[in-house]
Amino acid sequence: LQLVDRARAEHKGAAYLKLNPNGTIPVLVDDGLVLYETAAIAMHLADRFPQARLAPAVGTAERAQFYKWMVWLTNTLQARLMHYFYPDRLVAEGNAEGTAQVKARAEHDIVGMLQQLDDLLASHGGPWLLGADYGAADVFAAMLGRWTRGFESRPARDFAQLGPWLQRVFERPALQRTLAAEGLAKPWF
């Protein structure tokens, strides 16, 4: 485990860019294999350590649902969160009105996406995102849910199912160790 100090732009330095030319976090180095992209790393770890039961069995309908939600989290929810946090990337430089519009629209859309996750949890009544078993999708979705903690409208914690689910995820000992290692203080979500 190696902390990449974003404040010092370590993720933009030559050594880091050799691992991930996009200069984004995270990167996993696993016996010479270098992976970036959170969803790819999470799916790889689920496959590499099947005894941890971070994903349903390969070849099952449950595994297909796992793939669907992992891809949805990265391509839909996370992508829109990037619009919320970096709205200036989508408009001409200096366009404050456009930036505000992009951010507002992104937050509106994200709230709808959070409702999808809330509905998913309600649909099966299980304690975890995909049902009875905790897994990689829970970790990824909780990270994204955490990113909404500063929303003016409706952060993930304010949804009937997502709020208690986030509490369960963030109470897990491994996540507690991660929060401590990252030096993250409450509120976590």
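Residues numbered from 1 in each chain as written. Predicted model: local features only at pLDDT ≥ 70, side-chain atom pairs only at ≥ 80, totals over all residues. Heavy atoms only, no water.

Explain the pairing of strand 1 (residues 27–30) here, please?
A regular strand carries its side chains on alternate faces of the sheet. Alternating residues of strand 1 divide into Leu28 and Asp30, all buried, and Val27 and Val29, none buried. Here four bridges tie strand 1 to strand 2 (residues 33–36), and the two strands are oriented antiparallel to one another. Within strand 2, the residue paired with Val29 across the bridge is Val34. As consecutive antiparallel partners, strand 1 and strand 2 are separated by two residues, and within that stretch Asp31 has a phi angle of approximately 50 degrees, a positive value. (Buried < 20%, exposed > 50% of the residue type's maximum accessible area, 1.4 Å probe, protein only. Helix = DSSP H or I, 4+ residues; strand = E, 2+ residues; numbered from the N terminus. Pairing = 2+ DSSP bridges.)

I'm lost on the pattern of salt bridges in this one. Help?
Side-chain pairs of opposite charge can arise where the charged atoms are in close proximity. Taken as a whole and assessed by the stated rule, the structure comprises seven salt bridges. Glu10 is paired through a salt bridge with Arg8; the nearest N and O atoms lie 3.3 Å apart. Residue classification places Arg8 among the exposed residues on the basis of a relative accessible area of 63%. In this structure, Arg48 and Asp30 form a salt bridge, with 2.6 Å as the shortest nitrogen-oxygen distance. Residue Arg48 is located in helix 2 (residues 38–48), and its partner Asp30 is located in strand 1; the two are separated by 18 residues in the primary sequence. Looking at Arg48, the relative accessible area reads 36%, which means it is partly exposed. For Asp30, a relative accessible area of 13% translates into the label buried. Each of the salt bridges in this network shares a partner with another, and the network as a whole consists of Asp30, Asp31 and Arg48. (Salt bridge = Lys/Arg side-chain N within 4 Å of Asp/Glu carboxyl O.)

What exactly am I supposed to notice about a nonpolar patch on the surface here?
A surface patch of nonpolar side chains, about 210 Å² in accessible area, is lined by Leu19, Val29 and Val34. Residue position: Leu19 is located in helix 1 (residues 14–19). Look at Leu19 and you get partly exposed, because its relative accessible area is 32%. (Patch = residues over 30% accessible without salt bridge, like charges linked within 9 Å, V, L, I, M, F, W, Y side chains within 5 Å. Areas by Shrake-Rupley, 256 points an atom, 1.4 Å probe, with all protein chains shown as cover.)

Help me understand unusual backbone geometry, please; the structure alone is not making it clear to me.
What is expected of a backbone is that most residues other than glycine have negative phi and most peptide bonds are trans. With an omega of 15 degrees, the peptide bond between Ile25 and Pro26 qualifies as cis. Tracing the backbone shows Pro26 in the loop between helix 1 and strand 1. Even without glycine at this site, Ala9 takes up a positive phi of about 55 degrees. Of note, Ala9 is situated in the segment before helix 1. One non-glycine residue, Asp31, adopts positive backbone phi at about 50 degrees. Exposure remark for Asp31: the relative accessible area of 74% places this residue in the exposed category.

Functional significance is not addressed by these values, which are geometric in nature.
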